[in-house]
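Structural features, examined
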Amino acid sequence: MTTNLGLLSVSLAYLGLLFGIAYYADWRRAKGRSLINNPSIYALSMAVYCTGWTFYGSVGKAASDGFMFLPIYLGPTLFAFLWIPVLRKIIRISKRYSLTSIADFISSRYGKDPILGGVVALVAVLGILPYISLQLKAIGTSFQLIVLPSEDLLTDNLPVFPFLQEETLYITLILIAFTILFGVRSLDATERHEGMVAAVAFESLVKLFAFLMVGFFVVYWMYDGIGDLFSNAANRADLSELWNFNSKPGAYEEWLLLGLLSMLAFLMLPRQFQVSVVENVDEEHVNRAVWLFPLYLFLINLFVLPIALAGRLYFLDAQVDGDTFVLTLPLAAGNTTLVWIVFVGGLSATTSMIVVETVALSTMLSNSLIMPLLINTGIVKAGASTAVDRLLLNIRRGSVALILFASYFYFQNVIGTQALVSIGLVSFLAVAQFAPALLGGIYWKNGTRLGALTGIIVGCSVWAYTLPFSQLIDTGLFSTSIMSEGLFNISWLRPHQLFGLETMTPVAQATFWSLILNISCYFGVSLFTRQNALERGQANLFVDESRYSTDLQRQYLWRGTATSEELGDLLQRFLGAPRTKKVLKDFAHQKGLNPSIVWQADAELVHYAETLLSGAIGSVSARIMISSVVKEEPLNMEEVMEMLDATQQVIAYSQQLEEKSKQLEKASSELSEANQRLKELDELKDEFIATITHELRTPLTSIRAFSEIIHDSRELNVEQRKEFLAIIIKESERLTRMINQILDSEKLASGRMEWHMDQVDLKEIVEATLSSMSQLMRDKKIEVQIKLEKIPMHVFGDQDRLTQVLMNLIGNAIKFCPEKKGLIRIKLKSLGSQLELRIEDNGIGIKADDQARIFDKFQQLTPRDGKPTGTGLGLSISKSIIEHHQGSIGLAADSENGAIFCITLPLK
Amino acid sequence: MRQKLFAIFLLGLVGLNYPVLSLFGKEVWIFKIPALYIFLYSVWFILIIFSAWVIEKKKS
């Protein structure tokens with residue numbers, strides 16, 4: 001469809017765009033405004049899981065085996081639902097101890113064991129090489145197809161082996177440069193590469209977009225929707241098995257095993273560990289990824305089967321490789337734009353995998369394999385003073401080149417015609433062998449180093465024998481009779497029918513046996529071997545990580561002596577002088593020490609230095625280096641346990657102390673509150689007594705006076721006597737009322753009031769009160785205007801108490817109204833869920849300053865004619881009653897010229 | 001929240017695996033689309049939506 005030149009220009013332009021994005025993201029990070037500190041970007045970066053395998057290979061698998069392409073996406077989806085406990089724990093542990101690769105994680109957990117680290121690194125590199133090669137194959141094939149003249153597409157002329165080796169080689173070289181530039185620029189202790197992550201996230205979007213475009217094209221342009229596509233497919237008998245679960249023997253097991261395999265392999269893939277754990281910026285981001293990542297998987301898999309069916313339908317004689325349908329269908333349909341989109345999508349899918357995987361593998365290779373070897377053979381001497389930081393960086397870069405060239409070699413010479421998915425599954429199973437050791441390591445304290453080592457070695461042996469070995473047989477290196485008769489002619493040692501399992505596919509049965517044996521060895525050997533002190537300590541730190549999250553709780557399992565200068569010299573060798581200086585200065589500053597003098601290092605500084613070194617050279621080598629500097633006294637098991645126990649005890653005690661002191665604080669604040677209240681009540685009581693006695697004396701004086709007159713006087717006539725007695729009666733009643741008020745007030749304040757709540761109609765209460773006071777109003781010639789809404793106003797309340805309130809308010813109104821010109825207005829209306837009652841008079845009103853105080857106890861206002869009467873408790877009692885009814889009482893704004901009282905109550 | 005997610009996990013484990021899927025062995029069609037196709041993708045989608053709801057609602 002295009003020329004070599006066109007192909008190269010588009011590829012270079014796209015890679016240039018990626019360079020640009022990565023560069024920009026790194027620039028942002030240097031400025032402190034990280035581009036990738038975002039949960040959605042984190043989730044998108046995880047989509048590096050979908051590589052050329054997903055983009056090209058899924059359709060190929062679906063075209064021959066139907067739905068069997070799907071389980072490796074369902075596995076991670078299900079596993080995602082467990083990420084919040086599992087993945088976050090792994091992230092926390094890794095960040096805390098600067099563990100920057102799977103090999104480092106595993107070796108650190110099992111006592112910082114160099115052998116385990118080396119084995120894991122080796123298996124990872126060898127196992128992933130085919131995976132990287134398959135990406136190169138996908139790229140190479142897409143190149144080849146794009147430059148093909150269109151007529152050749154449908155003929156049998158499709159060359160089987162990619163002949164454009166030069167282009168693929170160019171791409172390999174460019175990728176080496178890209179990887180080094182954005183993945184291995186400096187020895188950052190955290191091993192984070194923001195530029196790389198940004199580029200990967202971008203590529204995830206591109207490949208999803210491209211794949212969906214093809215999907216829409218196939219379904220809605222080539223056919224009239226999914227139903228149409230399936231109907232067409234249904235006419236072909238050989239296709240119907242693709243969308244059904246045939247009861248082909250082995251299909252059940254394969255589905256389950258592939259699902260299980262992908263669940264375990266997911267985190268063990270170096271690139272997944274890299275983006276999910278090492279590159280993680282914030283643990284919280286995991287939460288969003290739990291559903292966003294499966295959503296991505298869902299979307300990218302939606303059209304796989306339709307595209308596969310369309311391909312089979314279109315290319316009738318199955319001469320066209322299913323792995324290429326995504327590209328060949330648009331090519332055959334002549335849709336040039338779509339072809340370019342797909343090409344770029346495929347490029348995204350493959351290059352992102354290559355870059356991230358290589359960075360992760362190079363870290364493992366240099367930290368867990370090469371560095372320990374250098375130290376062991378004395379090339380890098382512990383205790384020497386030669387600067388090693390440049391050397392380290394170059395080793396890392398060299399590893400990148402080595403891995404990519406090896407993959408290229410594998411691609412050129414070994415891969416041949418195998419389907420993409422089959423190649424990939426081999427790598428999956430290889431890394432899945434780490435799962436028991438890693439997952440067991442964070443949940444089971446008794447997992448020992450020997451157990452992990454045995455499990456991995458046994459599992460890998462089974463893997464190697466069943467899968468890569470059989471590939472080597474295919475290339476003619478070994479006799480084919482091994483496949484048919486078994487090794488040494490023992491039939492149950494046939495690579496694809498190991499131990500007699502006849503019915504499963506090679507991958508399925510390899511998965512089954514390798515994992516079963518791996519797990520059994522891990523558990524079995526662990527139960528029968530013992531851990532040394534360091535292993536035990538590490539096991540605790542990993543499994544119980546939540547208990548060791550603060551500096552105080554962390555047990556530095558080290559006892560020895562060192563000076564800050566010695567540590568500084570050591571760090572300088574690997575991190576360079578400027579960084580070391582800064583690091584030591586920060587530490588001294590934090591501790592309040594003077595950085596320019598040499599001080600005796602404590603466990604904390606040593607641990608800190610070790611963590612920094614781990615980030616640069618791996619935890620195993622870091623430990624070796626540190627021990628060379630520090631005159632260490634090795635701890636035995638009891639001491640370790642003691643230290644761990646002691647810490648736990650100290651923590652427990654300090655927690656108890658905190659509890660107690662909190663309780664003490666609470667108690668003392670309660671006490672001071674109570675004291676305060678008592679003082680207030682005391683004052684109130686004094687006030688009360690003063691007022692009351694004064695108020696009560698007044699009517700008593702009258703009663704006594706008139707009683708004495710009646711008693712002493714002989715000349716009173718009946719009329720006068722009656723008059724005086726009436727006064728006495730009236731004053732007695734007044735006294736009784738006052739005393740009742742005082743009692744009411746006291747009952748309300750102490751909560752001892754008896755309430756008889758019922759559904760009552762406020763309207764009736766108003767009317768009843770008005771009629772009972774009508775005589776009084778007539779006497780004073782007060783006009784009353786009533787405006788009550790027609791509907792009944794039901795409230796849930798105490799009839800007598802509400803009446804009391806109304807009598808108080810209306811009585812006040814009457815008291816303060818001018819003689820002969822008095823006007824009282826009463827309005828009752830409903831406002832939604834409440835009612836509002838207004839009682840207005842045209843008396844002297846209440847001055848603004850007084851308005852706040854009138855509802856207080858013992859507040860009295862002077863009425864028009866003379867001295868204040870009453871206890872001053874009326875309004876405060878009314879207020880308490882209304883508030884008990886969940887209502888409110890107050891003065892309306894314009895109460896300076898005639899008071900307007902406003903009551904609201906909730907309607908029933 | 002973790003427990004709800006674990007429940008979703010179990011649901012997926014059962015719903016997306018053999019015994020349940022074998023129910024779709026026969027040729028069953030819904031709107032001309034095979035029932036298995038619809039079932040797999042619907043269950044998958046529902047599990048995702050469900051987990052998204054469990055996680056994101058905690059924040060608001």
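Residues numbered from 1 in each chain as written. Chains lettered and ligands numbered in written order. Predicted model: local features only at pLDDT ≥ 70, side-chain atom pairs only at ≥ 80, totals over all residues.

The next point concerns helix 25 (residues 564–575) of chain A. Residue and element names in this part refer to chain A. If you check helix 25, its first and last C-alpha atoms are 16 Å apart, about what 12 residues at 1.5 Å a residue would give, namely 16 Å. For helix 25, the set of buried residues is Ser 564, Leu 567, Gly 568, Leu 570, Leu 571, Gln 572, Arg 573, Phe 574 and Leu 575. Where helix 25 terminates, the next one or two residues include Gly 576, which has phi positive at roughly 90°. (Helix = DSSP H or I, 4+ residues; strand = E, 2+ residues; numbered from the N terminus. Expected span 1.5 Å × (residues − 1). Buried ≥ 20, exposed ≤ 12 C-beta atoms within 10 Å, placed from the backbone.)

With that out of the way, let us pick up the interface of chain B and chain A. Many analyses report the size of an interface as the accessible area lost when the parts associate. Counting residues at the interface gives 27 residues for chain B, matched by 27 residues for chain A. Elements represented by at least two residues in the side of chain B that touches chain A include exactly helix 1 (2–15), helix 2 (18–21), strand 2 (33–34) and helix 3 (35–59) of chain B. Per-element tally for the side of chain B that touches chain A: the top contributor is helix 3 of chain B, with nine residues. Of the residues that constitute the side of chain B that touches chain A, the class distribution is 20 nonpolar, five polar and two charged. (Contact = placed C-beta atoms within 7 Å. Nonpolar A, V, L, I, M, F, W, Y, C, P; charged D, E, K, R; others polar.)

Residues and elements named next belong to chain A. Reading across the sheet, the five strands line up as 4-6-7-9-8 and stay open at both edges, with mixed pairing between neighbours. Edge strands, defined here as strands with exactly one partner in the open sheet, are strand 4 (783–788) and strand 8 (888–891). On average, each strand axis in the sheet is tilted by 10° relative to the strand beside it, whichever way the strands run. Of the strand pairs in this sheet, strand 7 (residues 834–841) and strand 9 (residues 900–906) are connected by seven bridges, and their pairing is antiparallel. In the sheet register, Gln 834 faces strand 9, and the bridge partner there is Pro 906. Against the sheet, helix 31 (residues 762–772) engages strand 4, strand 6 (823–831), strand 7 and strand 9, with an angle of about 170° to strand 6. (Pairing = 2+ DSSP bridges. Axes fitted to C-alpha atoms, helices over the stretch in contact; angles between N-to-C directions.)

Let us look at unusual backbone geometry. Residues and elements named next belong to chain A. Although it is not a glycine, Lys 112 adopts a positive phi angle of roughly 55°. Checked against the element boundaries, Lys 112 lands in the loop between helix 6 (102–109) and helix 7 (114–147). By the C-beta count within 10 Å, which is 24 here, Lys 112 ends up buried. We note that Lys 781 has phi near 55°; this positive angle belongs to a residue other than glycine.

Moving on, we come to the packing of helix 9 (residues 194–222) of chain A against helix 15 (residues 325–333) of chain A. All names here are of chain A. It is at 10 Å that the axes of helix 9 and helix 15 come closest, and there the two elements cross at 45°. Overall, the two elements helix 9 and helix 15 adopt an arrangement that is oblique. Two packed elements cross with a definite hand, and for helix 9 against helix 15 that hand is left-handed. Counted together, Val 214, Phe 217, Val 218 and Met 222 of helix 9 and Val 326, Leu 329, Pro 330 and Ala 333 of helix 15 form the full contact between these two elements. For the contact of helix 9 with helix 15, a count of residues per class yields eight nonpolar, no polar and no charged. (Parallel < 35°, antiparallel > 145°, perpendicular 65-115°, else oblique. Left-handed = near helix turned anticlockwise from the far one by under 90°.)

Before going further, it helps to spend a moment on the packing of helix 30 (residues 718–750) of chain A against helix 35 (residues 874–884) of chain A. Residue and element names in this part refer to chain A. Look at helix 30 against helix 35: their axes get within 10 Å of each other, and the N-to-C directions meet at 40°. Taken together, helix 30 and helix 35 sit at an angle that is classed as oblique. Note that helix 30 runs across helix 35; the crossing there is left-handed. Residues Gln 741, Asp 744, Ser 745 and Leu 748 of helix 30 touch helix 35, and the partners they reach there are Gly 874, Ser 876, Ile 877 and Ser 880. Here the residues of the contact of helix 30 with helix 35 are counted per class, giving two nonpolar, five polar and one charged.

A few words now on the pairing of strand 9 of chain A. As defined by bridge partners, strand 8 of chain A adjoins strand 9 of chain A across four bridges and the pair is classed as antiparallel. Note on strand 9 of chain A: the bridge partner recorded for Gly 890 of chain A is Cys 902 of chain A.

Before going further, it helps to spend a moment on helix 31 of chain A. Because an α-helix packs 3.6 residues into every turn, residues spaced three or four apart end up facing the same way. Those residues of helix 31 of chain A lying buried are Leu 762, Ile 765, Val 766 and Thr 769 of chain A. With its buried residues spanning 100° around the axis, helix 31 of chain A presents them on a single face. (Arc of directions from axis to C-beta.)

We now examine the nonpolar core. Residues and elements named next belong to chain A. Ile 102, Ile 106, Val 120, Ala 124, Met 268, Ile 307 and Leu 429 are the most contacted members of the largest nonpolar core, which has 221 residues in total. Among the elements that make up this core, the one with the highest residue count is helix 16 (residues 336–376) (19 residues). Excluding residues within four positions of it along the chain, Ala 124 makes contact with Ile 102, Ala 103, Pro 270, Leu 361, Met 364 and Val 431. Core analysis: the next-biggest nonpolar cluster, separate from the first, contains 34 residues, Val 760, Leu 837, Ile 854 and Ala 899 among them. (Core = buried A, V, L, I, M, F, W, Y, C linked by C-beta atoms within 7 Å.)

This part covers the confidence of the model for chain A. For chain A, per-residue confidence averages 82 on the pLDDT scale, and 87% of positions sit at 70 or higher. Taken as a whole, residues 156–164 of chain A scores under 50 in pLDDT and shows 12 contacts with residues more than four places along the chain or in a different chain. (pLDDT = per-residue confidence, 0-100.)

This brings us to the confidence of the model for chain B. Per-residue confidence for chain B averages 79 on the pLDDT scale, and 77% of its residues sit at or above 70. Interface scoring of the predicted complex returns ipTM 0.91; its pTM is 0.69.

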